[in-house]
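Each chain, written out:
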Amino acid sequence: MKQFILILALALGAAQAAEAACYADYKAKRENPLRLHYGVAEIDDGACTKAAARKALKPRLAEGGWALLNVVSVFDASGLEERKASAGPNYLRY
């Protein structure tokens, strides 16, 4: 019975970790005229790294006519609220 409870606890922990959301804040630009923006986006890739965020964000931003300048950081849902005001209309837009 103890083994069953341990296995169940490990399985639930793994499921929660797999569902953990990943977010990135980034800077992007658009030319003619030059415009810059700061934004926050959810990253769907399983790896929550700057490299994964760059890979996910480049095509999304390009569809909107933006070029990714850099990924500032990656973080979990606990970092969303503090960035919401700074990102303005680009909060979870791309």
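Look up a bit, the structure's there.
What you see as residue numbers is a count from 1 along each chain, following the sequence as written. pLDDT decides what is reported in this predicted model: residues at 70 or higher carry local features, side-chain atom pairs at 80 or more are listed and counted, and totals for whole chains, interfaces and linings draw on all residues regardless. Working from all heavy atoms in the structure, the side-chain values ignore hydrogens and water.

Undergrad: I tried to follow the pattern of salt bridges on my own but got confused; where do I start?
TA: Salt bridge, as used here, is a side-chain nitrogen of Lys or Arg placed within 4 Å of a carboxyl oxygen of Asp or Glu. All chains considered together, the criterion is met by three salt bridges. In this structure, Asp25 and Arg83 form a salt bridge, with 3.2 Å as the shortest nitrogen-oxygen distance. With Asp25 in strand S1 (residues 22-30) and Arg83 in helix H3 (residues 80-87), this residue pair connects regions lying 58 residues apart in the sequence. Arg83 matches Asp25 in its accessibility class, with the two residues each being buried. Taken together, the salt bridges that share partners define one network made up of Asp25, Glu82 and Arg83. Counting from the N terminus, the helices are DSSP H or I runs at least four residues long and the strands are E runs at least two residues long. Classification of residues uses two cut-offs on accessible area relative to the type maximum, computed with a 1.4 Å probe and protein chains only: under 20% is buried, over 50% is exposed, and between them is partly exposed.

Undergrad: Would you explain the side chain of Asn90 in this entry?
TA: Relative to the helices and strands, Asn90 is located in the segment after H3. Excluding its chain neighbours within four sequence positions, the residues that come into contact with Asn90 are Tyr26, His37, Tyr38, Gly39 and Val40. It only takes one pair of heavy atoms within 4.5 Å for two residues to be counted as in contact.

Undergrad: I'm lost on the nonpolar core in this one. Help?
TA: Soluble, globular proteins show a tendency: their nonpolar side chains are buried together. Nonpolar cores were defined as sets of buried Ala, Val, Leu, Ile, Met, Phe, Trp, Tyr and Cys residues, with membership established by side-chain atoms within 4.5 Å. Ala24, Tyr26, Ile43, Leu57, Leu61, Leu68 and Val71 are the most contacted members of the largest nonpolar core, which has 14 residues in total. Among the secondary structure elements, those contributing two or more residues to this core are S1, strand S2 (35-43), helix H2 (50-63) and strand S3 (67-75). Beyond its immediate chain neighbours, meaning those up to four positions away, Val71 contacts Ala24, Asp25, Tyr26, Lys50, Ala53, Arg54 and Leu57.

Undergrad: It is not clear to me how the state of the cysteines should be interpreted in this structure. Could you clarify?
TA: Here, the word disulfide means a covalent bond between the sulfur atoms of two cysteines. For the purposes of this analysis, a disulfide is any pair of cysteine sulfur atoms at a distance within 2.5 Å. With the rule as written, the count across this model stands at one disulfide. Paired through a disulfide, Cys22 and Cys48 show a sulfur-sulfur distance of 2.1 Å. Taking the sign of the S-S torsion, 80° for the link of Cys22 and Cys48, the bridge is right-handed. Of this pair, Cys22 sits in strand S1 while Cys48 sits in the loop between S2 and H2, and the two are 26 residues apart along the sequence.

Undergrad: So what exactly am I meant to see when it comes to the environment of Phe75 here?
TA: As for its placement among the helices and strands, Phe75 is situated in strand S3. Taking relative accessible area as the criterion, Phe75 reaches 9% and is therefore assigned buried. It is 8.8 Å that separates the C-alpha atoms of Phe75 and Thr49, two residues lying 26 residues apart in sequence. Beyond its immediate stretch of four places on either side in the chain, Phe75 contacts Ala21, Cys22, Tyr23, Ala24, Asp25, Val40, Cys48, Leu80 and Arg83.

Undergrad: Could you clarify how one ought to interpret unusual backbone geometry in this entry?
TA: What is expected of a backbone is that most residues other than glycine have negative phi and most peptide bonds are trans. With an omega of -5°, the peptide bond between Asn32 and Pro33 qualifies as cis. As for its position among the elements, Pro33 is in the loop between S1 and S2. Unusually for a residue other than glycine, Asn32 sits at a positive phi of about 55°. Structurally, Asn32 is set in the loop between S1 and S2. In the Ramachandran plot, Leu92 falls in the positive-phi region, its phi being about 60° despite a non-glycine side chain. With respect to the helices, strands and loops of the structure, Leu92 is situated in the segment after H3.

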